[in-house]
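# Tertiary structure, described
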Amino acid sequence: MMSLLYVFFTWAVQPLVRYKCKRRARDEPLYGEHLEERFGRFNNIKNDASFTHDVARPLIWIHAVSLGETRAAAILLQSLRVTMPAMRLLLTHGTATGRTEGAKLLQSSDIQVWQPWDSRTATRAFITHFKPSIGILMETELWPNLIQSANDADVPVALVNARLSEKSFRKSQRFGIKQLTRQAYRGLAVVYAQTTDDSVRLASAGAKVDDVFGNLKFDITPSPEQLAQAQSVRSLLTKPVVVFASSRAGEEAAFLSALKKLSEDLRSSVQWLIVPRHPQRFDEVAALIEDAGFSLSRRHGWTTDSIWLGDSVGEMVFYYGISKAALLGGSFERLGGQNLIEALACGCPVVMGPHTFNFQQAADLASAEGVAFRVNDLAHGIERCLALVGKDGLYAANAARHFVTAHRGAAARTAAAIQSLIA
């Protein structure tokens, strides 16, 4: 019964989905481009023999909804191309930031389209048009109709780097949703979990967990070019940089309020940098900084005696590279935190708030090994950062990098498993 209601719901709300995309396109024009792809129409993409199933040259479909999942997909893709050099990539996204980042991963025979809206019509059209050899969903993506359409066409679907927080698990067990999510999990061919705790929750939700491979994001290789650029800039600075990385709505205001309460000497001893998580909020955060009474300067016009705004996309490695400590965005509101592994891989120790359920194991391990530090709120976070930048920065940087290196290997394990599944 719930499945039928879901099928009706996803069909009925399609006009609202179209309206929402057009409205978001006012601020992010990419949402208005190739809009019909979301509804299963691929007239701009030729359907020829290159899309037929070929074990020797498989078309591997990876769905990475947004920026974080796309970066994890990039790590996996690097290993997949080594394992299966003849593979072709079909890459789908749900957000503009994900699609922009994903475009950097494409080779000449690859394809990139929007994720089809989860109606039976759109998902069936997507699977029928492209005929992928396998579907790979990243982390938490669970779309019942998309999985069902793949099952109907005998396309195996894998959930990789899979995670399910305690909060999300409880939501999945609510009356009415439980049946739908259990059916979707059971439609997955394989599930490779990040942690043992994730595997237990996933199994309780209905998934058949095949293995625990660890977190793909530990296999990240920060851009050498951005790190070199950061080192060049850092050598010219007269005071240490602390970055508030991937900040979310509500967090910047609390950060600025806590900053105002510091003494002038203490506040001016550090160069403060804010990098909002979402590009559409750059101007909003700029206004917050100025409204709080601080001088502001933007990425390509940074000046001393101001708060720096990192209003660029794709430069997180640079921002971490110039910083001696990072406050972890998304962890000071009930949002689960952002990716702390990238900061640590760049040699930047992390100060995080109480909400890190999106990266719980990584946060706990990093805290236990002394490269990440948990605090209750942003006021205490600022205090901890001030203490960190006063310590031996070289030791903290090396310890952070070593921590990430010690936990690598998930990408190679996942790629080998995917190759076996296709074969």
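Above: the structure in question.
What counts, and at which threshold
Residues numbered from 1 in each chain as written. Predicted model: local features only at pLDDT ≥ 70, side-chain atom pairs only at ≥ 80, totals over all residues. Heavy atoms only, no water. Helix = DSSP H or I, 4+ residues; strand = E, 2+ residues; numbered from the N terminus. Buried < 20%, exposed > 50% of the residue type's maximum accessible area, 1.4 Å probe, protein only. Contact = heavy atoms within 4.5 Å. Core = buried A, V, L, I, M, F, W, Y, C linked by side-chain atoms within 4.5 Å. 1 Å grid on protein atoms, 1.4 Å probe; cavity = no way out; pocket = protein on both sides within 12 Å on 5 of 7 lines; lining within 4 Å. Points joined across faces, edges and corners; volume = space filled by probe spheres on them. Nonpolar A, V, L, I, M, F, W, Y, C, P; charged D, E, K, R; others polar. Polar contact = N/O pair within 3.5 Å; in protein donor to acceptor, adjacent residues only side chain to side chain. Axes fitted to C-alpha atoms, helices over the stretch in contact; angles between N-to-C directions. Parallel < 35°, antiparallel > 145°, perpendicular 65-115°, else oblique. Left-handed = near helix turned anticlockwise from the far one by under 90°. Pairing = 2+ DSSP bridges. Salt bridge = Lys/Arg side-chain N within 4 Å of Asp/Glu carboxyl O. Phe/Tyr/Trp six-rings, centres within 6.5 Å; stacked < 30°, edge-to-face > 60°. Lys NZ or Arg CZ within 6 Å of the ring centre and 35° of its normal.

## As for the environment of A417
Its place among the elements puts A417 in helix α19 (residues 410-422). You can call A417 buried: its relative accessible area is 15%. Each C-alpha atom, one on A417 and one on V242, is 40 Å from the other, the two residues being 175 residues apart in sequence. With near-sequence residues (within four places) excluded, A417 lies in contact with Y192 and F213.

## So, the nonpolar core
Counting 64 residues, the largest nonpolar core has I62, M138, L340 and I418 as the members making the most contacts within it. With sequence-adjacent residues up to four places away left out, M138 is seen in contact with I62, H63, A64, E69, A72, A73, L76, L159, V160, N161 and L216. Among the nonpolar cores identified, the runner-up in size contains 30 residues, and L259, L309, F373 and V389 belong to it.

## Focus: the layout of surface pockets
Roughly 590 Å³ of internal volume is contained in the second largest pocket. K20, V65, Q115, W117 and W143 are the residues nearest the centre of the second largest pocket, which is lined by 21 residues in total. Of all the secondary structure elements, the ones that give two or more residues to the lining of the second largest pocket are α1 (2-12) and α2 (14-24). Considering only residue class, the lining of the second largest pocket consists of 11 nonpolar, 5 polar and 5 charged.

## Brief notes about the environment of D377
Within the secondary structure, D377 sits in the loop between β14 (372-374) and α17 (378-389). Of note is the side chain of D377, whose polar atom sits 3.3 Å from the backbone nitrogen of A379.

## Points about the packing of helix α3 (residues 67-83) against α19
For the pair α3 and α19, the least separation of the axes is 8 Å and the interaxial angle reads 50 degrees. Viewed along their axes, α3 and α19 adopt a mutual orientation that is oblique. Crossing angle aside, the handedness with which α3 passes α19 is right-handed. Between α3 and α19, the contacting residues are I75, L76, S79, L80 and T83 on the first element and A411, A412, T414, A415, I418 and Q419 on the second. Residues that form the contact of α3 with α19 fall into these classes: 7 nonpolar, 4 polar and no charged.

## Quick notes on the sheet that holds strand β11 (residues 307-309)
Reading across the sheet, the 7 strands line up as β10-β11-β9-β8-β12-β13-β14 and stay open at both edges, with parallel pairing between neighbours. One side of each edge strand has no neighbouring strand; the edge strands of this open sheet are β10 (296-298) and β14. Strand-to-strand, the axes of this sheet are offset by a mean angle of 25 degrees, without reference to chain direction. For strand β9 (residues 271-276) and β11, the ladder comprises 2 bridges, and the chain directions are parallel. Opposite I274, over in β11, you have L309 as the bridge partner.

## Side note on the pattern of salt bridges
Counted under the stated rule, the structure contains 22 salt bridges. We note a salt bridge from R267 to E264, for which the minimum N-O separation is 2.6 Å. Of this pair, R267 and E264 are both found in helix α12 (residues 264-267), 3 residues apart, which corresponds to roughly one turn of the helix. The buried category is assigned to R267, whose relative accessible area is 18%. Put simply, R71, E101, K104 and E342 are held in one network by salt bridges that share partners.

## So, unusual backbone geometry
Here E139, not a glycine, exhibits a phi torsion of approximately 70 degrees, which is positive. One can find E139 in the loop between β4 (134-138) and α6 (144-152). Residue D305 is not a glycine yet carries a positive backbone phi of 60 degrees. You can see D305 is positioned in the loop between β10 and β11.

## Side note on the packing of aromatic side chains
Under the criterion given, the structure shown has 15 aromatic pairs. Between the aromatic rings of F218 and F403, the centroid separation amounts to 5.7 Å while the plane-to-plane angle is 70 degrees, which identifies the pairing as edge-to-face. With a gap of 185 residues between them, F218 in the loop between β7 (211-212) and α10 (224-234) and F403 in helix α18 (residues 393-405) connect regions that are remote in the sequence. F403 carries the same exposure label as F218, and that label is buried. Grouping aromatic residues by their ring pairs yields a cluster made of F42, W61, F126 and F130. Looking at R18, its charged tip hangs above the ring of F39, at a distance of 4.3 Å from the centre. The positively charged end of R99 is found above the aromatic ring belonging to W114, 4.9 Å away from the centroid.

Any functional reading would require information that these geometric values do not contain.
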